[in-house]
Amino acid sequence: MKKTAINKLVKGLTVALATGAVSMSALADIKPAVVYSDAGKFDKSFSEAVWNNGVKRFMDETGIEVKEAEPTNLAQVEQYMKRLAKRGHSPIVAVGFSQANAVAAAAKEYPDAQFTLIDMVVPEPNVQNVVFKEHEGSFLVGVLAAMKSDSDVIGFVGGMDIPLISRFGCGYEQGAKYQNADIKVIHNMTGSTPAAFGNPSKGAELTRSQMESGADVIFAAAGGTGNGVYQAAADAGKYAIGVDSNQNHLHPGTMLTSMVKRVGEAAYQSYSAAKDGSWAPGVQVMGLAEGGVDWALDEHNRGLVTQQMEARVNDVKAKIIAGEIVVHDYMSDNTCNY
Amino acid sequence: MSRDRKLAWINGLLLPLLNVLTAFAATAVLFLLINVNPWEAAQTLLYGAFGYSEGVGYTFYYTTNFIFTGLAVAVAFHAGLFNIGGEGQAYIGGLGAGLVVFALFPELSPLVMIPASIVGALVFGAAWAVGPGYLQAYRGSHIVITTIMFNFLAATLMVYLMSKVLLEPGQMTPQSRLFPDNAWLPFVHDVLANFGIKVDRSPLNMSILLALVVAILVWFFLWQTRWGYAIRATGRNATAATYAGINQKKIIVVTMCISGALAGLVGINELLGYHHRIIMNFHVGYGFGGIAVALMGRNHPFGIVIAALLFGILYQGGAELAFEWSNISRDIVVVMQGLVILFCGALEYMYKPWLMRWLVPVSDSAKGAA
């Protein structure tokens, strides 16, 4: 293992000398790392977004190796986190709220290491916390769904029944009701275990039953389960809304939009900041204003969104950013009373 | 050597050993296929499990869980019951441990708090097993089906409780608030530090002693008490046991309670020992792993402790493998553990006909019969 480290260093130095543009100290200085969620790196959702848009992008652009760890249980999360810190890796990106306890423990034990925690806040001086306002992005797609719906019934399919997912559903409902006070929103959760984030057939089943109840736009905040939702909507010629990544390309023509949550960006920015020496601890709230969440409009759904709809959604977006519309956060009181 | 003794050696030692070696050989082939040197991988695995004090801690920490679930499965096996519900019973056992902690005064002495919490885990684990036991005994619903269904019920119930009832306010992770200090089982590294022995921090806690004591108690119970005899008699031949005056139905229910209570102790190791709060899915894998541990350990507490240690090594060493080798993903580690379960569980008696022919020839057994 030592040998490979030396090889890497030599390789790095060669690259540095060859290009001349990259400073040698930058290559030698940062040893970034990532600990994926215990759902695995290729979970078709959260961790995969961090890999694709954060880790991989950073490695491709800079040539700096990011050490990856894939724990299988919570005890291992903490174990890996401490191992990485012990070996001088920094910053260490922790993917997902379930790693908060592990980050808190590791950050206390290794005050010199830098940690970036996504989706949760740990108040330690060496932890950067990135949280998203999923309710704001969901509000926007709710507005769009209400405009697109002919039946005045829309659906929401969540993954695992936890407050974080209810936050999506609650924001979506608020947006829809804001646009059309009479609209009916059907909520369903796929399941009660983490497996609910990877159950496309159940997702399709829920979507079909929602469509039978009249829903013609269905928003999935369910990780891999969403694929079943989008497929079922496409089969029936109804509309679906994607989540986390821009999933508009999956079924062009029936994917109305996607509620984008830029988790990969958070990882990428943490590494880049560390490379530039501008990494700072604290809490970063990534809402609409910060570009952390958004709705996706591209060539795949251009035909579904009229100019009027686009203008309306962007108008609402501006109002949320300006503070004229305050979207109730389900997790502030664990209710959806707005 | 008499035939019976030979058979005992074959069943108890030779077969499990051969099975494990076969599993390792299959793993080695797998590693060769993905361009990993099996010898170096084995070294990494062993180094991870025993090479440094933190690794040793993790190994024994996992071992503790497997002892509890292995014993749980074994006790049920002795009554002829196949308890697949260790997962759910462990999960609910943890709930019981936590609820007792929250119900008691936080200022209570640990000497009261911890035993009370252990009782909570035992009672809740047993309560989760009594339903399937009753249904098997009095309604004829097969225990395999009901226990596996109860696993799902446990998962659903816990999600409800964790996300709606026990959730710490302002928390995103579905977890309860922290236990008060006096409900924390001491960590082994802290205990050893009191004696001037310095070891690295690890989740290993005093539950390991509890596990060993429980293993001895289970042995005593099964082989030295009337209840244990009744359980074993029922498992060997239920009709004969009934004829001998043993109430088979009662035995089934009681056995399942004991089995569930043992599985519930996983909650002590995980929650009182390490996480110090009720969390979700702390139990995943140990209930099912316990089946393999019991099979490999031949349902004897001594064998179970050894087999649990092997699984502890596989868990911690496997984590080390996945961490150190970029071309060994965590899925490969699961495959490796799966191979051990396959050869030690499903193909348990694969070598037996050959071994019998070779070591206990028919002429020999004919002599034994005569």
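This is a predicted model, so every value here is computed, not measured.

**Describing the overall build of chain A**
Scanning chain A from N- to C-terminus turns up 12 helices and 12 strands. Here the C-alpha atoms of chain A give a radius of gyration of 21 Å, agreeing with the 20 Å that 2.2 N^0.38 yields for 338 residues. Looking at chain A residue by residue over its 338 residues, the buried ones come to 57%. A sequence separation of at least 24 residues applies to 67% of the contacts in chain A between residues at least 6 apart. Here chain A contributes 30 positive and 37 negative side-chain charges, whose respective centroids are spaced 8 Å apart.

**Quick look at the overall build of chain B**
For chain B, the helix and strand inventory stands at 17 helices and zero strands. In terms of C-alpha radius of gyration, chain B reaches 22 Å, essentially the compact-globule figure of 21 Å for 370 residues. Dimensions of chain B along its principal axes, counting C-alpha atoms only, are 75 × 60 × 40 Å. In chain B, buried positions account for 53% of the 370 residues. In chain B, 77% of the contacts between residues at least 6 apart in sequence involve partners at least 24 apart. When the accessible surface of chain B is totalled, it reaches about 16,400 Å², and 69% of it is carbon and sulfur. Of note, chain B has its 19 positive side-chain charges centred 19 Å away from the centre of its 15 negative side-chain charges.

**With respect to the packing of helix α5 (residues 110-139) of chain B against helix α6 (residues 143-165) of chain B**
Residues and elements named next belong to chain B. Packing of α5 against α6 brings their axes to within 9 Å, and their N-to-C directions diverge by 150°. Overall, the two elements α5 and α6 adopt an arrangement that is roughly antiparallel. The element α5 and its partner α6 pack so that their crossing is right-handed. Within the contact between the two elements, α5 uses Trp128, Gly131, Pro132, Gly133, Leu135 and Gln136 and α6 uses Ile143, Thr146, Thr147, Phe150, Leu153, Ala154 and Leu157.

**Quick notes on the interface of chain A and chain B**
Many analyses report the size of an interface as the accessible area lost when the parts associate. Contacts between chain A and chain B engage 37 residues on the former and 34 residues on the latter. In total, chain A and chain B occlude about 3,000 Å² of area from one another, counting both sides; carbon and sulfur atoms represent 53% of this. Run the count over chain A and chain B and you get six salt bridges. Among the salt bridges present, the one from Arg330(B) reaches Glu70(A), with a minimum N-O distance of 3.5 Å. In this structure, the connection of chain A to chain B is made through 13 residue pairs in polar contact (both at pLDDT 80 or more). Ranked by residue count, the leading element in the side of chain A that touches chain B is helix α4 (residues 74-86) of chain A, at 10 residues. Taken together, the residues that form the side of chain A that touches chain B break down as 16 nonpolar, 10 polar and 11 charged.

**As for the state of the cysteines**
What is meant by a disulfide is a covalent connection between two cysteines, made through their sulfur atoms. Residue and element names in this part refer to chain A. For the structure shown, the criterion picks out one disulfide over all chains. The disulfide partner of Cys170 is Cys336, and the gap between their sulfur atoms is 2.0 Å. Because the torsion about its S-S bond is 95°, the bridge between Cys170 and Cys336 counts as right-handed. Remark: Cys336 occurs in the segment after α12 (330-333) and Cys170 occurs in helix α7 (residues 163-179); sequence separation between them is 166 residues. The buried category is assigned to Cys170, whose relative accessible area is 2%.

**What about the pattern of salt bridges?**
All names here are of chain A. Tallying each qualifying case throughout the model produces 24 salt bridges over all chains. Here Lys261 and Glu134 are joined by a salt bridge, their closest N and O atoms 2.7 Å apart. Of this pair, Lys261 sits in strand β10 (residues 255-261) while Glu134 sits in helix α6 (residues 134-148), and the two are 127 residues apart along the sequence. Residues Lys261 and Glu134 agree in their burial class; the two are buried. Here the salt bridges do not stand alone but share partners, grouping Asp119, Glu134, Arg167, Lys261 and Asp329 into one network.

**Regarding the pairing of strand β8 (residues 217-221) of chain A**
Residues and elements named next belong to chain A. For β8, the buried fraction is high: five of the five residues fall into the buried class. Across four bridges, strand β6 (residues 153-160) lies against β8 in parallel orientation. Within β8, the position partnered with Gly158 by the bridge is Ala221. Bridge count for β8 against strand β9 (residues 239-244) is three bridges, and the pairing is parallel. When the bridges of β9 are listed, Phe219 appears paired with Ile241.

**So, the environment of Ser117(B)**
Residues and elements named next belong to chain B. With respect to the secondary-structure elements, Ser117 resides in helix α5. For the pair formed by Ser117 and Glu40, sequence separation is 77 residues and the distance between their alpha carbons is 44 Å. Excluding anything up to four places from it in sequence, Ser117 contacts Ala97, Val100, Val101, Ile268 and Leu272.

**Thoughts on the packing of aromatic side chains**
Per the stated rule, a full pass over the model turns up 24 aromatic pairs over all chains. Here Phe58(A) and Tyr271(A) contribute two aromatic rings whose centre-to-centre distance is 5.2 Å and whose plane-to-plane angle is 45°, an arrangement assigned as tilted. Of this pair, Phe58(A) sits in helix α3 (residues 46-62) while Tyr271(A) sits in helix α10 (residues 263-276), and the two are 213 residues apart along the sequence. The two residues Phe58(A) and Tyr271(A) agree in class, both being buried. With a centroid separation of 5.3 Å and 45° between ring planes, the pair formed by Tyr61(B) and Tyr62(B) is classed as tilted. For the pair shown, Tyr61(B) and Tyr62(B) are each scored as buried. Aromatic ring contacts, followed pair by pair, group Tyr58(B), Tyr61(B), Tyr62(B), Phe66(B), Tyr274(B), Tyr286(B), Phe311(B) and Tyr315(B) into a single cluster. When the ring centre of Tyr268(A) is taken as origin, the NZ or CZ atom of Arg57(A), which lies over that ring, is 3.6 Å away. One Lys or Arg, Lys67(A), reaches over the ring of Phe323(B) and ends 4.7 Å from the middle of that ring.

**Digging into unusual backbone geometry**
Negative phi is the rule for most residues except glycine; trans is the rule for most peptide bonds. In the segment running from Ser90(A) into Pro91(A), the intervening peptide bond is cis, with an omega of -5°. Secondary-structure assignment places Pro91(A) in the loop between α4 and β3 (92-94). Positive phi, normally seen in glycine, also occurs at His276(B), with a value near 60°. The topology assignment puts His276(B) in the loop between α12 (266-275) and α13 (286-296). Although it is not a glycine, Asn281(B) adopts a positive phi angle of roughly 60°. For Asn281(B), the position within the fold is in the loop between α12 and α13.

**Re the sheet that holds β9(A)**
Residue and element names in this part refer to chain A. One open sheet holds the six strands; their spatial order is β7-β6-β8-β9-β10-β12, and the pairing between them is mixed. Every interior strand has two partners, whereas the edge strands, β7 (184-191) and β12 (293-295), have only one. Taken pair by pair, the neighbouring strands of this sheet meet at an average axis angle of 15°, ignoring direction. Direction of pairing for β10 relative to β12: antiparallel, over a ladder of three bridges. What sits directly across from Lys261, in β12, is Val293. Seen against the sheet, helix α9 (residues 226-236) touches β6, β8, β9 and β10 and runs at an angle of roughly 160° to β9.

**Thoughts on the domain arrangement of chain A**
Residue and element names in this part refer to chain A. Each assigned domain of chain A is listed with its residue range as follows: domain 1 (31-132 + 264-286) and domain 2 (135-260 + 306-333). Between the C-alpha centres of domain 1 and domain 2 the distance comes to 28 Å. Facing eight residues of domain 1, the contacting portion of domain 2 comprises eight residues. Counting the surface lost from both domain 1 and domain 2, the interface buries some 500 Å², and carbon and sulfur atoms represent 52% of this. Counting the contacts that link domain 1 with domain 2 gives zero salt bridges. By residue class, the composition of the side of domain 1 that touches domain 2 is four nonpolar, one polar and three charged.

Definitions and limits used
Residues numbered from 1 in each chain as written. Chains lettered and ligands numbered in written order. Predicted model: local features only at pLDDT ≥ 70, side-chain atom pairs only at ≥ 80, totals over all residues. Heavy atoms only, no water. Helix = DSSP H or I, 4+ residues; strand = E, 2+ residues; numbered from the N terminus. Rg over C-alpha atoms; globule rule 2.2 N^0.38 Å. Buried < 20%, exposed > 50% of the residue type's maximum accessible area, 1.4 Å probe, protein only. Contact = heavy atoms within 4.5 Å. Lys, Arg positive; Asp, Glu negative; His and termini not counted. Charge placed at Lys NZ, Arg CZ, Asp CG, Glu CD. Areas by Shrake-Rupley, 256 points an atom, 1.4 Å probe, with all protein chains shown as cover. Axes fitted to C-alpha atoms, helices over the stretch in contact; angles between N-to-C directions. Parallel < 35°, antiparallel > 145°, perpendicular 65-115°, else oblique. Left-handed = near helix turned anticlockwise from the far one by under 90°. Buried area = accessible area lost by both parts, 1.4 Å probe. Salt bridge = Lys/Arg side-chain N within 4 Å of Asp/Glu carboxyl O. Polar contact = N/O pair within 3.5 Å; in protein donor to acceptor, adjacent residues only side chain to side chain. Nonpolar A, V, L, I, M, F, W, Y, C, P; charged D, E, K, R; others polar. Disulfide = S-S within 2.5 Å. Pairing = 2+ DSSP bridges. Phe/Tyr/Trp six-rings, centres within 6.5 Å; stacked < 30°, edge-to-face > 60°. Lys NZ or Arg CZ within 6 Å of the ring centre and 35° of its normal. Domains from an automatic or database assignment.

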